[in-house]
Amino acid sequence: KQWYQRRVRGSSGPGGQNGDKRETKVQIKVDIIQADWISYRTKESLSKQLDKSGCLHIYDESSRSQNRNKTECFNKLYRLLLEHSFTPPEPTEEELAALKRQERARKKKWKEENKSKKYYRNRNNPFSL
């Protein structure tokens with residue numbers, strides 16, 4: 001079984017009479033769930049863009065040529081897979097140290113803010129000790 005299906009239709013895009021006569025709109029339907037060459041992480045990342053059957057639909061009708069539109073569909077698929085398969089690099093020791101400093105500063109600021117809130121809260125309450 002092929003991992004994609006291609007359909008062509010009449011385009012509403014550019015081309016004038018050519019768009020009326022020729023089927024230049026291209027749709028590819030990619031079975032992401034069954035494609036064993038796509039990593040699990042990438043499939044998870046793409047899951048919100050899939051239909052109920054686990055397929056990804058990509059359309060293009062930007063050109064007058066069916067062949068160019070087909071090529072552009074596959075280019076879109078390639079860019080989408082690259083975008084969703086990116087794994088960020090591990091943080092360096094400097095970045096981890098900076099994150100720890102930021103967290104300590106955030107906690108210190110939170111404590112200071114809560115101390116003043118506690119003071120004002122108790123100041124207006126005649127029943128507090």
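Provided above is the structure to which this section pertains.
Residues numbered from 1 in each chain as written. Predicted model: local features only at pLDDT ≥ 70, side-chain atom pairs only at ≥ 80, totals over all residues. Heavy atoms only, no water.

Undergrad: Outline the sheet that holds strand E2 (residues 25–31), listing residues and values.
TA: The antiparallel open sheet is built from three strands, whose spatial order is E1-E2-E3. Two strands bound the open sheet, and with one partner strand each, they are strand E1 (4–9) and strand E3 (55–60). Averaged over all neighbouring strand pairs, the angle between strand axes comes to 15°, with direction disregarded. Note: E1 against E2, six bridges, orientation antiparallel. Directly across from Tyr 4, in E2, lies its bridge partner Val 30. The strands that helix H3 (residues 66–84) touches are E1, E2 and E3; relative to E3, the one it contacts most, it runs at about 135°. (Pairing = 2+ DSSP bridges. Helix = DSSP H or I, 4+ residues; strand = E, 2+ residues; numbered from the N terminus. Axes fitted to C-alpha atoms, helices over the stretch in contact; angles between N-to-C directions. Contact = heavy atoms within 4.5 Å.)

Undergrad: Run through the nonpolar core, naming residues and quoting values.
TA: Membership of the largest hydrophobic core comes to 15 residues, with the highest contact counts inside it found for Ile 28, Val 30, Ile 32, Leu 56, Ile 58 and Leu 77. Broken down by secondary-structure element, the contributors of at least two residues to this core are E2, E3 and H3. Residue contributions to this core peak at four residues, all from H3. The contacts of Ile 58, once residues within four sequence positions are left out, are Val 26, Gln 27, Ile 28, Cys 73, Lys 76 and Leu 77. (Core = buried A, V, L, I, M, F, W, Y, C linked by side-chain atoms within 4.5 Å. Buried < 20%, exposed > 50% of the residue type's maximum accessible area, 1.4 Å probe, protein only.)

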